[in-house]
Each structure stands twice: as structure tokens, then as C-alpha cells.
Amino acid sequence: YLRKKFMNFFVIATISAFISGFLDYKFYYNIWNYDNAEIILNTVILPVCAYTVISAVPVYLIFAFINKFFMPKRHLSIEEVIKINQEEKI
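It should be emphasised that the depicted structure is a prediction, and the values quoted were computed from it without experimental measurement.

Cut-off values and rules
Along each chain, numbering runs from 1 in the same order as the chain's sequence is written. Where local features are concerned, this predicted model is filtered to residues with pLDDT of at least 70; where side-chain atom pairs are given and counted, the filter is 80 or more; whole-chain, interface and lining totals use all residues. To get the side-chain values, all heavy atoms of the structure are used, and hydrogens and water are removed first. For the purposes of this entry, the term helix denotes a DSSP run of H or I that reaches at least four residues, the term strand denotes a run of E that reaches at least two, and both are numbered from the N terminus. Take the residue count of a helix, subtract one, and multiply by 1.5 Å to get its expected span. Burial classification: accessible surface area is computed with a 1.4 Å probe over protein chains only, and a residue below 20% of its type maximum counts as buried, one above 50% as exposed, and the rest as partly exposed. Two distance rules govern patches: like charges are joined within 9 Å, and nonpolar side chains (Val, Leu, Ile, Met, Phe, Trp, Tyr) within 5 Å, applied only to residues with over 30% relative accessible area and no salt bridge. For the accessible areas, the method is Shrake-Rupley and the probe is 1.4 Å, while residue cover comes only from the protein chains on display. Put simply, a salt bridge is a Lys or Arg side-chain nitrogen that is within 4 Å of an Asp or Glu carboxyl oxygen. Between 30 and 60 degrees the pair is tilted, below 30 it is stacked and above 60 it is edge-to-face, where a pair is any two Phe, Tyr or Trp rings, Trp via its six-membered ring, whose centres lie within 6.5 Å.

Novice: Please provide a residue-by-residue account of helix 2 (residues 37-70), values included.
Specialist: With 34 residues, helix 2 extends 47 Å between its outermost C-alpha atoms, agreeing within 8% with the 50 Å of an ideal straight helix rising 1.5 Å per residue. Looking only at helix 2, the buried set comprises Ala37, Ile45, Cys49, Val53, Ala56, Tyr60 and Asn67.

Here is the structure:
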């Protein structure tokens with residue numbers, strides 16, 4: 001899940017943002033039985049989670065751009081390293 005792919009990053013960022021938002025809502029508002037706590041969920045927590053996910057996209061693109069210039073070598077997968085090591089032993 002942690003391969004350098006945009007969809008992996010996007011899914012993990014989305015899940016993390018919504019889990020964090022849900023826990024904030026649960027422990028700051030819902031657990032204390034505040035009146036109309038659902039309004040806070042709909043007007044504050046969910047928009048903040050959405051903005052977090054939307055703003056994560058440019059951050060990913062900036063880091064991908066930097067990574068392209070400072071790490072130009074292609075990263076090998078585990079299978080490729082094993083294959084190279086087996087060929088060297090022969």
C-alpha cells in the first residue's frame with residue numbers, strides 16, 4: 001500500500017483525514033452530548049476533511065516533482081533484487 005503511486009497516497013490521505021475528523025467529532029462533541037453536535041459535523045468537520053484531501057493533491061505533486069530531480073534512479077523491487085543476486089551467483 002505504500003508504493004509510490006498517486007491512488008495509494010490519495011486513498012491513505014482520505015482515510016486518515018476522515019478517521020481524524022470522526023475522532024475529533026466523537027471525543028470533542030458527541031461524547032459530551034452537546035446539543036446539535038451533528039451541525040458541527042456537517043458544517044465544520046466534514047468540510048475540513050474534504051479540504052485536507054483536496055490540498056493533499058498539490059502536496060503530492062510537489063513532492064513527486066522534487067523526487068524526480070533529486071532521485072533520478074529507478075527503485076528496484078524485491079523481485080528484481082533477488083533475480084539480480086541469483087544471476088550474480090551463477
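Novice: Now, about the environment of Asn36: what can you tell me, with residues and values included?
Specialist: Checked against the element boundaries, Asn36 lands in the loop between helix 1 (6-30) and helix 2. Sequence-wise, Asn36 and Gln86 are 50 residues apart; in three dimensions their C-alpha atoms are separated by 65 Å.

Novice: Could you give me a rundown of helix 3 (residues 78-89), with the residues and numbers involved?
Specialist: Here helix 3 is twelve residues long and its end C-alpha atoms lie 17 Å apart, about the 16 Å a rise of 1.5 Å per residue gives. For helix 3, the buried fraction is low: zero of the twelve residues fall into the buried class.

Novice: So what's going on with the environment of Ile39? Residues and values would help.
Specialist: Here Ile39 lies in helix 2. Between the C-alpha atoms of Ile39 and Val53, which are 14 residues apart in sequence, the distance is 21 Å.

Novice: Before we move on, can you summarise a nonpolar patch on the surface with the specific residues and values?
Specialist: A surface patch of nonpolar side chains, about 1100 Å² in accessible area, is lined by Phe6, Met7, Val11, Ile15, Ile19, Phe22, Leu23, Phe27, Ile31, Trp32 and Tyr34. Inspection of the secondary structure puts Trp32 in the loop between helix 1 and helix 2.

Novice: So what's going on with the packing of aromatic side chains? Which residues, and what values?
Specialist: For the structure on display, the rule yields five aromatic pairs. Plain terms: the ring middles of Phe6 and Phe10 are 5.8 Å apart, the flat faces sit at 25° to each other, and that makes the pair stacked. Taken together, the positions of Phe6 and Phe10, both in helix 1 and four residues apart, correspond to about one turn of that helix. A relative accessible area of 29% means that Phe10 is categorised as partly exposed. For the pair Phe65 and Phe69, a centre-to-centre distance of 4.8 Å together with 75° between the ring planes defines the contact as edge-to-face. Of this pair, Phe65 and Phe69 both sit in helix 2, four residues apart, roughly one helical turn. A connected cluster of aromatic rings, assembled from ring pairs, spans Phe6, Phe9, Phe10 and Tyr60.

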